[in-house]
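# Fold and geometry: a report
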Amino acid sequence: MGSNLDWTIFIFCYNEEETVGSVIDQAVRVCNGLSASSSEVLVVNDGSSDCSQEVIASKCEEHNLVRVIHHATNKGIGRALISGYSNARGSLICGVPADGQFNIQELLPFKDAKENEVVCFVRRDKRYSLYRKFLSAFNSFTNRILLGLALQDVNWVKIYHASNLKKITPSMKSSLIESEMCAMLKARGVSFLEVPSTYQERIAGETKGGSIKTVGMAAFEFAKLVFRVNLFRTRKLLGQLFLH
């Protein structure tokens, strides 16, 4: 993670050929509104097998602030997020999906987000299947009870300060990476600002968040996450006690 730019908006993409181009265009416009001369759009192409790579390449030629990282194979949303966060050069970092369901213009009021605060967007009117509603409710419950993390929508878009992310070393490789990052940041005293977000209709492609592969990877890492986060919290608490 560098910090030689003001903003990085990174877009994680897997088989979103019909929407990734317009999402890149919107991200470029928003970057210009956030910081006219010091921002970037980073696209993480997670092994797409459709024409996403060609669309992204054309946008890199069209916009000089767009760059891309390609995964040779599909590694899943967790590793795509890791690639985005670890390669971002901005002081403020935000990851958005390439499916167009997040309105990137919602970032504009937060161009001067507070340094010790994470801005967490909370989806309203989720049009989820019963299966996805169950997964979401279970995730919120376990985060609250086992991780001490009472966020309403931990798996949606956030704005992080690179200076805060540099203080933690997350190890999850699945979609649990966001829960791990937020729990560790909370243990370090970082606060969270939750703001409502419009959950836009998907106009093309298929949802991947509730896929068997995504859920399976998260389930495999769940026990590791609980152990790691609580160990981190205990060490922070003991450190504070000894300091006093």
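In case you missed it, the structure is sitting above this.
Attention in this report is confined to the structure presented alongside it. (Residues numbered from 1 in each chain as written. Predicted model: local features only at pLDDT ≥ 70, side-chain atom pairs only at ≥ 80, totals over all residues. Heavy atoms only, no water.)

## Section: the nonpolar core
- By size, the foremost hydrophobic cluster in this structure holds 35 residues, and its most contacted members are Phe10, Tyr85, Tyr160 and Leu165.
- Of all the elements in the fold, those that place two or more residues in this core are β1 (5-13), β2 (39-46), α3 (77-87), β5 (117-124), α5 (162-165), α6 (177-187) and α7 (212-243).
- Per-element accounting of this core gives the leading share, seven residues, to α6.
- For Tyr160, the residues in contact, after removing those within four places along its chain, are Tyr85, Ser91, Leu92, Ile93, Val118, Leu165, Glu178, Met181, Cys182 and Leu185.
- Formed by 33 residues, the second largest nonpolar core is a distinct cluster that contains Val20, Val43, Ile56 and Tyr199. (Core = buried A, V, L, I, M, F, W, Y, C linked by side-chain atoms within 4.5 Å. Buried < 20%, exposed > 50% of the residue type's maximum accessible area, 1.4 Å probe, protein only. Helix = DSSP H or I, 4+ residues; strand = E, 2+ residues; numbered from the N terminus. Contact = heavy atoms within 4.5 Å.)

## Focus on the pattern of salt bridges
- As enumerated under the stated definition, the model contains eight salt bridges in all.
- For the salt bridge of Arg202 with Glu16, the shortest nitrogen-to-oxygen distance reads 3.1 Å. Note that Arg202 is positioned in the loop between β7 (191-198) and α7 and Glu16 in the loop between β1 and α1 (20-34), a separation of 186 residues in sequence.
- Classification of Glu16 by relative accessible area gives buried; the value is 6%.
- Between Lys158 and Glu178 there is a salt bridge; the shortest N-O distance is 3.2 Å. Taken together, the residues Lys158 in strand β6 (residues 158-161) and Glu178 in helix α6 connect sequence positions 20 residues apart. (Salt bridge = Lys/Arg side-chain N within 4 Å of Asp/Glu carboxyl O.)

## Details of the packing of aromatic side chains
- One pass over the full model with this rule turns up seven aromatic pairs.
- An angle of 85° between the planes, with centres 4.9 Å apart, marks the rings of Phe10 and Tyr85 as edge-to-face. With Phe10 in strand β1 and Tyr85 in helix α3, this residue pair connects regions lying 75 residues apart in the sequence. There is no split in this pair, since Phe10 and Tyr85 are both buried.
- Summarising the aromatic geometry, the rings of Tyr85 and Tyr160 are spaced 5.4 Å apart at their centres and angled 85° between planes, so their arrangement reads as edge-to-face. (Phe/Tyr/Trp six-rings, centres within 6.5 Å; stacked < 30°, edge-to-face > 60°.)

## Details of the environment of Ile159
- Counting through the fold element by element, Ile159 comes out in strand β6.
- Apart from residues no more than four positions distant in its own chain, Ile159 is found in contact with Trp7, Leu92, Ile93, Cys94, Leu107, Phe110, Glu117, Val118, Val119 and Phe121.

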